[in-house]
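Here's the letter readout for the chains.
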Amino acid sequence: LKIIGGRLNSGNSVMLRSTVPVGTTRNLAKKILEEKSKLKAGEDFYLSFTPERTVEGNAMKELRDLPQVIGGLTPKCSEISDSFWRTHSKVIVQADSLESAELVKLANNSFRDLTFAFSNALAILADKYNIDSNELVYLANEGYPRNKIARPSPGVGGYCLTKDPLLYASTEKKFPHAKLSLLGREVNKEISEYPLKVLNKFVESENLEISKLEVLIIGLAFKGWPETNDLRGSTGIDLALSLKGKCKSLNVYDSLIEKEAFQKLKLSYKDITKINRLDFDAVFIMNNHPKNIRSDFLKSLSHEKVLLFDGWNQIDKRTAMGYKNIKYANLGFYSN
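Residues numbered from 1 in each chain as written. Predicted model: local features only at pLDDT ≥ 70, side-chain atom pairs only at ≥ 80, totals over all residues. Heavy atoms only, no water.

(A) How the structure looks around the sheet that holds strand β2 (residues 46-49). Taken in spatial order, the 4 strands line up as β1-β2-β3-β4 in an open sheet, and their pairing is mixed. Single-partner strands in this sheet number two, and they are β1 (13-16) and β4 (92-94). Averaged over all neighbouring strand pairs, the angle between strand axes comes to 30°, with direction disregarded. The pairing of β1 with β2 spans 4 bridges and is classified as parallel. Directly across from L16, in β2, lies its bridge partner F49. In the packing of helix α2 (residues 24-37) onto the sheet, contacts are made with β1 and β2, and the angle to β2 comes to roughly 150°. (Pairing = 2+ DSSP bridges. Helix = DSSP H or I, 4+ residues; strand = E, 2+ residues; numbered from the N terminus. Axes fitted to C-alpha atoms, helices over the stretch in contact; angles between N-to-C directions. Contact = heavy atoms within 4.5 Å.)

(B) Representation of the pairing of strand β9 (residues 306-310). Extensive coverage of β9 is indicated by the burial of 5 of its 5 residues. Neither face of β9 is open: one carries V306, L308 and D310, the other L307 and F309, and all of them are buried. As paired strands, β9 and strand β10 (residues 326-329) are joined by 4 bridges and run parallel to one another. Across the sheet, L308 pairs through a bridge with Y328, a residue of β10. (Buried < 20%, exposed > 50% of the residue type's maximum accessible area, 1.4 Å probe, protein only.)

(C) View of the packing of aromatic side chains. The full count for this structure, using the stated rule, is 5 aromatic pairs. Where F284 meets F309, the ring centres are 5.9 Å apart and the plane angle is 50°; that geometry is what we call tilted. Remark: F309 occurs in strand β9 and F284 occurs in strand β8 (residues 282-285); sequence separation between them is 25 residues. A residue is classified by how much of its surface remains accessible, and F309, at 0% relative accessible area, is buried. Connected via pairs of aromatic rings, a cluster forms that spans Y194, F284 and F309. If you follow R232 out to its NZ or CZ, it ends over the ring of Y159, 4.3 Å from the centre. (Phe/Tyr/Trp six-rings, centres within 6.5 Å; stacked < 30°, edge-to-face > 60°. Lys NZ or Arg CZ within 6 Å of the ring centre and 35° of its normal.)

(D) Layout of unusual backbone geometry. Of note, the bond from W225 into P226 is cis; its omega dihedral lies within 30 degrees of zero at -5°. At K38, a residue that is not glycine, the phi angle is positive and equals roughly 65°. Relative to the helices and strands, K38 is located in the loop between α2 and β2. A relative accessible area of 71% means that K38 is categorised as exposed. Of note, the phi angle at N147 is positive, near 50°, even though the residue is not glycine. In this fold, N147 is placed in the loop between α6 (133-141) and α7 (164-169). Here N147 falls in the exposed class, since its relative accessible area comes to 68%.

The structure is reproduced here in structure tokens:
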């Protein structure tokens, strides 16, 4: 804002896109731009908030297809913004104010995080009864016309959903929305620790020691689909770093990520497509990209006793349980 303010000319338009707490555009951006430019917002230059709401992995398509929300400091600011976005987006939606547009972005991502939190809390409950939470969600959704429940996951990662609910909660902290948003974050943080809980159960039931285990983690991008190679906020990376130095060996693999990215994190990359036998004590599948799992995956698990944690139900559970050497687990279920 300081750099832009120093270069502003009369007639320019400034549009903020990033997620911010409500009031940031009016109370912070406007002030800095006016101070640096010596111009007046709404008269000499135009200021609006136009939230970016595209999904990573499909952003270019959604840039045109998603309705573009516009909130201007003044009606003229909104008009100028509108004329720009009509060259890019098919549908324009006018908000009544800067604050309304800011809250739209926070509402979208915070609600999404909360829906995942419900599913993940359900998975934690399912664990108490050794219930496959994905099958449970399928049963709840099948043929039921209202309120489809999202699939549970071993944590909610990425750059947006891990921070935007906190920005949402920072607005009027004593209001109920803040309590809900923060609780959702707590649940999604708790479920990200579930794979470790499963590993500890495996170690205790098989009378093993973590320090002697060879571990493989598959699917390190923060999500599998739409596909991305983004490691920011990755629960798979969190799992790897929590196990690093505690087991005999730790290897990671993701079909979309080069080994150099893992070397920066000092994690050992193993190209499992070039290995016939996956001789590991424990294998964790942490995202749902289909290319991460090869066709002979179950047969390739050659260890005498191996824990397979299927965080996204990428493997047919009953087929996996047909292998005597595989101890299969997912969110809520652990094979006996």
